Amino acid sequence: MNITPAYLTSCYLATAIVMGGFFAACEQQVSPPEPFGAIPGEYQMEWQKMEYYMFAHFGPNTFTNVEWGNGEEDPNVFYPTGLDCRQWAATAQAAGMTGIIITAKHHDGFCLWPSEYSTHTVRESLWKEGKGDVLKELSEACKEYGLKFGVYLSPWDQNHPAYGTPEYNQVFANTLNEVLMGYGPIFEQWFDGANGEGHAGKKQVYDWDLFHETVYRNQPQAIIFSDVGPGCRWMGNEQGMAGETNWSTLNITGFEPGSGAPPVDTLNQGNRGGEAWVPAETDVSIRPGWFYSPDTDDKVKSVEQLMDIFYTSIGRNSNLLLNVPPDRTGRIHPRDSTRLMEFKRLREESFAENLAAGATIRASAVRGNTSAYAPENLFNGVYDSYWATHDRELTASLEITLRQKQTFNRLLLQEYIPLGQRVARFAVDYWEDGLNDWVLLTEATTIGYKRILRFPMVTTQKIRVRIEESLACPLLNTLEIYQAPEFLSAPAILRDKEGYVTLSCASPDPVIHYTTDGTIPTTA
């Protein structure tokens, strides 16, 4: 048989087509990882991607200079002279926020809308001759500026005469109905677990099942916040610090908001393998208090403090709810808005250039050895594209070679949480040319939706991420590297309820000097 080169070429081509089809079929047959444990719902995923939004504490307390009113305020104390919710929304949008949650009713019972279930509302005030409605103005402003709208309603009501009786739970449910039916889509319903005394020392047994049913009937997409969710949870403090270990799963059976909540350290860290998906939300105020006070005009948090909060909230698998209280005119105070813009500029500067762009990456294991789960997926910017290992591969490593040597101090990682939170412990190494070896850079525990690690500046062309413990095969969808401006954070002093004092500093590897007698610390 005379075998010509043309015949050989056609044979090879046919073989390549057949084999290519075979490998393509193999890739298609590799099944994706099964979901592990509790997983987020559709609306929880939308909420998680919001990351950063505004809390607006506003009401009679704004004008009385107290944090908690007593329900006996004259409604006429509520008199903003130039309420401008469009200014709130414009400020939030310019600051990079994605929504606003308003204290529609705080513990004093004063309603920022003319509720037919209360006589302690804007209708009884002189503001706009009793015809005003803060919720209407703010919800319309949020819609105009492309922000989501959320509401805080405290079930504690120090004004309503029915508080402390079985009838009150239905009164509160009716109040919820009004708000949830009357102001468009609500992205988050914020429940405070405070349960204090009403008239003559009466206390209320809250019907949480009724309250939740009322929310979901009116706004099925709303994320319900409380100590135990069910949509998202309080993370245990008001300093802006989620746990360095932060699971989005929580054991909720037998617990309820308020005094029946899990321990604070559990709220801060979540439960490894917890029964329900209840991610953390970090709520903190830009001022010392939650409501505006002229006494705190010179106490607005510094941009460095806000940046620390960013890293200990969003950077630790939590959303950030930053309180920016409107002042007595009904506008965001200039000092607050200026600080928000400075904060945004520093974030933009810190994350301006992803130094991992154009890098090459190798993985110790790839699920099915297919491109569908290749480590390159960490660089493509597609959220639903991820690197994965085989089901039984619970440890693995990624080696990243940058285009050239780079100096950096931040590493951003994301897990693909629609299939569950998995990574329990990992480490990062960098290649040291002088030693011709890997050197440990940092270690951490959980990753979750987003983890941003801070460390002293390092210069190298190669880094390695080692997954040392994972509850199921690890799934990562993002890896980014940055050089952020460095600054020294102010030390913080915290005292817990047992009286133990903790000194801390958010800057990497700080050295803290202190005294206990009030004298100025020295290096001694």
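Residues numbered from 1 in each chain as written. Predicted model: local features only at pLDDT ≥ 70, side-chain atom pairs only at ≥ 80, totals over all residues. Heavy atoms only, no water.

(A) Structural context of the sheet that holds strand E2 (residues 99-105). Around the barrel, which closes on itself, the 8 strands sit in the order E1-E2-E3-E4-E5-E6-E9-E10 with parallel pairing between neighbours. Put simply, the sheet's adjacent strands are angled 25° from each other on average, direction ignored. As judged from the 3 bridges shared by strand E1 (residues 52-56) and E2, these two strands associate in the parallel manner. When the sheet's bridge partners are listed, Phe 55 is paired in E2 with Ile 101. Across the sheet, helix H9 (residues 303-313) is in contact with strand E9 (280-285) and strand E10 (318-323); its angle to E10 comes to roughly 150°. (Pairing = 2+ DSSP bridges. Helix = DSSP H or I, 4+ residues; strand = E, 2+ residues; numbered from the N terminus. Axes fitted to C-alpha atoms, helices over the stretch in contact; angles between N-to-C directions. Contact = heavy atoms within 4.5 Å.)

(B) Highlighting the confidence of the model for the chain. In the predicted model, the chain carries a mean pLDDT of 92, and 91% of its residues have values of at least 70. Within the model, the stretch residues 1-27 combines pLDDT values under 50 with 5 contacts to residues more than four positions away or in other chains. (pLDDT = per-residue confidence, 0-100.)

(C) Focus on the packing of aromatic side chains. Inspection of the entire model under this criterion finds 33 aromatic pairs. Seen from their ring centres, Tyr 163 and Tyr 168 are 5.0 Å apart, and the 70° between their planes marks the pair as edge-to-face. Residues Tyr 163 and Tyr 168 agree in their burial class; the two are buried. Ring centres of Phe 172 and Phe 191 lie 6.3 Å apart, and the angle between their planes is 55°; on these two criteria the pair is classed as tilted. Of this pair, Phe 172 sits in helix H6 (residues 168-182) while Phe 191 sits in the loop between strand E4 (188-190) and helix H7 (208-218), and the two are 19 residues apart along the sequence. Judged by its relative accessible area of 1%, Phe 172 is buried. Residue classification places Phe 191 among the buried positions, given a relative accessible area of 1%. Ring pairs connect the aromatic residues Tyr 163, Tyr 168, Phe 172, Phe 191, Tyr 206, Trp 208 and Phe 211, which therefore count as one cluster. Positioned above the aromatic ring of Tyr 383 is the side chain of Lys 49, whose terminal nitrogen or guanidinium carbon lies 4.2 Å from the ring centre. (Phe/Tyr/Trp six-rings, centres within 6.5 Å; stacked < 30°, edge-to-face > 60°. Buried < 20%, exposed > 50% of the residue type's maximum accessible area, 1.4 Å probe, protein only. Lys NZ or Arg CZ within 6 Å of the ring centre and 35° of its normal.)

(D) Structural context of the state of the cysteines. In this structure the tally under the stated criterion is 0 disulfides. Note on Cys 142: no disulfide assigned, nearest cysteine sulfur contributed by Cys 85 at a separation of 8.2 Å. Since its relative accessible area comes to 0%, Cys 142 is described here as buried. With no disulfide of its own, Cys 232 lies 17 Å from the sulfur of Cys 142, the closest cysteine sulfur. Looking at Cys 232, the relative accessible area reads 0%, which means it is buried. (Disulfide = S-S within 2.5 Å.)

(E) Just the pattern of salt bridges, in detail. Within the structure shown, the criterion is met by 25 salt bridges. Lys 450 is the salt-bridge partner of Glu 51, the closest N and O atoms lying 2.8 Å from each other. Linking Glu 51 in the loop between helix H2 (42-50) and E1 with Lys 450 in the loop between strand E15 (437-444) and strand E16 (451-470), this pair joins segments that are 399 residues apart in sequence. Given the relative accessible area of 17%, Glu 51 is considered buried. In this structure, the salt-bridge partner of Glu 469 is Arg 272, at a minimum N-O distance of 2.7 Å. A residue pair is termed long-range when its members are at least 10 positions apart, and Glu 469 in strand E16 and Arg 272 in the loop between helix H8 (264-269) and strand E8 (276-277) qualify at 197 residues. (Salt bridge = Lys/Arg side-chain N within 4 Å of Asp/Glu carboxyl O.)

(F) Layout of helix H4 (residues 85-94). Taken residue by residue, H4 has Cys 85, Gln 87, Trp 88, Ala 89, Thr 91 and Ala 92 as its buried positions. Buried residues along H4 sit against E1, E2, helix H5 (134-144) and helix H10 (334-350). Where H4 begins, one side-chain oxygen reaches toward the backbone nitrogen of Arg 86, 3.2 Å away; that side chain belongs to Asp 84. Taken from the residues just after H4, Gly 96 is the one with a positive phi, measuring 90°. (Polar contact = N/O pair within 3.5 Å; in protein donor to acceptor, adjacent residues only side chain to side chain.)

(G) Local environment of unusual backbone geometry. Cis geometry is adopted by the peptide bond preceding Pro 230, which originates at Gly 229 and carries an omega value of 15°. Tracing the backbone through its elements, the reader meets Pro 230 in the loop between strand E5 (223-226) and strand E6 (232-234). Located in the positive-phi region is Asn 65, a residue other than glycine, with phi close to 65°. Mapped onto the fold, Asn 65 is located in the loop between helix H3 (60-64) and H4. Despite not being glycine, Glu 129 has its phi angle at roughly 55°, a positive value.

(H) Just the pairing of strand E3 (residues 148-153), in detail. Of all 6 residues in E3, 5 are buried; the element is thus mostly enclosed. Inspection of the sheet shows E2 paired to E3 by 6 bridges, in the parallel sense. Across the sheet, residue Ile 100 finds its bridge partner in E3, namely Phe 149. In this region the chain leaves E2, passes through H5 and returns to the parallel neighbour E3; the handedness of that crossover is right-handed. Pairing of E3 with E4 involves 2 bridges; the strand directions are parallel. Bridge pairing in E4 places Tyr 152 opposite Trp 190. (Right-handed = clockwise from strand over helix to strand, strands pointing away.)

(I) Representation of H9. Of all 11 residues in H9, 9 are buried; the element is thus mostly enclosed. Within the span of H9, buried status applies to Val 303, Leu 306, Met 307, Asp 308, Ile 309, Phe 310, Tyr 311, Thr 312 and Ser 313. Buried-residue contacts for H9 involve E9, E10, H10, strand E13 (396-415) and E16.

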